[in-house]
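So the chains spell out like this:
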Amino acid sequence: MHSHIAKSNPTPPVSRLTAFKRAQSLDNGISISWYEQTWSKDVLTQTPLKSTDFALLKQLGIKSIRLPVAFEHFETEHIPVEQLFTHIDNFVKQCDQYGFKLIIDYHYGNLNDTNYNTETTTIINLWLKLTKRYLNKGYNNVFFELYNEPVHMNPQIWKDAAYNIVTAIRKIDKQRTLIIGASNFNSIYELSRFVRLADENVIYTFHFYEPFLFTHQGAEWIGDQESTVGVPFPYNAEKFPALNEKAKNTDGEKNYNKYHLDGNEGSVRDKLQIVKNWAAKYDVPVICGEYGVYNKYADIDSRCRYIKAVRQTLKTLNIPGMLWDYSGTFSLFNGEPSIASLPDCMKDAIGYTGQK
């Protein structure tokens, strides 16, 4: 009987245990939106964070930073990759200096169902340059997130691409912990159908913005489906706004009609449990690489309640979480980041007690 149990639960290899341990170190993280801002002309003339920002993040109990970089955009703009790498080097140094873990994230790639052969090569070439640059450096502190939010595409094509990128990196570096999510924008549902990669030193990531009707209300880049604003969290019949005319016959209307079921902490928990079950099935580490709320239209109390609900649920499920984002349109602050501009309810939501 005991031998049967041993077979079905073999001890995970050392590299997987290392990935588990490193995943835990990424908890209480935040993304720094800067080098993925393809619309900004100032990106390489300024630094994303000043020393006061690092000090503030430290004070708030943030342990890890995710740095999205639009590598292909810089290439299109004919900016030498060396120039960009120098900026990343400086950021790595600052994270070391202040004691933050860092995820370098390949943001806004162009991979899809038709161009995957040439595009995978482009992605691999970039990662090989970074892999060589950081060879033998800070394996507990610097992580590579291979590709942010692959689009809604054939999951097998994405799986093959991910496998090819990992294989290429491993020819040079066996030790770097790599971060990979599923297609359809790092969806929890796609992840639940994803068969883990054979590589042991991988952390799996997902992005969590459910219910979308709440977190992306009024988000102009999403379009008409998100045109209904004033949506509270949790659902409250008296405060629930009428559906915006523009959202009729879109996914937004479907989400609107089921918000009375989705707009609460229990629903958040049920959805995050899907990820937990998947991770347990394969015995692999997972992190929530992004969660947050677009802050232009959602009221501050609802935003605080939502962030607190997701954060607490992730803690209960022992899934490390990273907020999106520090100072952009999903910022936690009311204005320029500072303790003074962090609303009291947000201090409570992120567990800041004022002692650090």
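Above this note sits the structure.
Since we're looking at a predicted model, the values are computed, not measured.

Enquirer: Help me get a handle on unusual backbone geometry, residues and values and all.
Expert: The step from E210 to P211 runs through a cis peptide bond, and the omega angle for that step is -5 degrees. As for its placement among the helices and strands, P211 is situated in the loop between β6 (202-208) and α10 (212-215). A cis geometry characterises the amide bond from W324 onward to D325, with omega recorded as -5 degrees. Counting through the fold element by element, D325 comes out in the loop between β8 (321-323) and α15 (344-349). Here the phi dihedral of N186 falls at roughly 55 degrees; this positive angle occurs in a residue that is not glycine. As for its position among the elements, N186 is in helix α8 (residues 183-186).

Enquirer: Help me get a handle on helix α6 (residues 116-133), residues and values and all.
Expert: The terminal C-alpha atoms of α6, which comprises 18 residues, lie 25 Å apart, in line with the 26 Å expected from a rise of 1.5 Å per residue. Those residues of α6 that sit buried are E119, T120, I123, I124, L126, W127, L128, L130 and T131. Packed against the buried residues of α6 are α4 (71-76), α5 (81-98), β3 (101-106), β4 (142-145) and α7 (155-172).

Enquirer: Describe in detail the packing of helix α3 (residues 51-59) against α5, supporting the description with residues and values.
Expert: Between α3 and α5, the least distance of the axes is 11 Å, while the angle of their chain directions is 45 degrees. As far as their axial angle goes, α5 and α3 are oblique. In this structure, α3 crosses over α5, and the sense of that crossing is right-handed. Listed contacts from α5 to S51, F54, A55 and K58 of α3 are F91, Q94, C95 and Y98. Among the residues forming the contact of α3 with α5, the class breakdown is five nonpolar, two polar and one charged.

Enquirer: A description of the environment of T120 should follow, citing residues and the corresponding values.
Expert: Locating T120 in the fold gives a position in helix α6. With 40 residues separating them in the primary sequence, T120 and D160 have C-alpha atoms 9.5 Å apart. Not counting residues within four places of it along the chain, the set of residues in contact with T120 comprises L111, A161, N164 and I165.

The rules behind these values
- Residues numbered from 1 in each chain as written.
- Predicted model: local features only at pLDDT ≥ 70, side-chain atom pairs only at ≥ 80, totals over all residues.
- Heavy atoms only, no water.
- Helix = DSSP H or I, 4+ residues; strand = E, 2+ residues; numbered from the N terminus.
- Expected span 1.5 Å × (residues − 1).
- Buried < 20%, exposed > 50% of the residue type's maximum accessible area, 1.4 Å probe, protein only.
- Contact = heavy atoms within 4.5 Å.
- Axes fitted to C-alpha atoms, helices over the stretch in contact; angles between N-to-C directions.
- Parallel < 35°, antiparallel > 145°, perpendicular 65-115°, else oblique.
- Left-handed = near helix turned anticlockwise from the far one by under 90°.
- Nonpolar A, V, L, I, M, F, W, Y, C, P; charged D, E, K, R; others polar.

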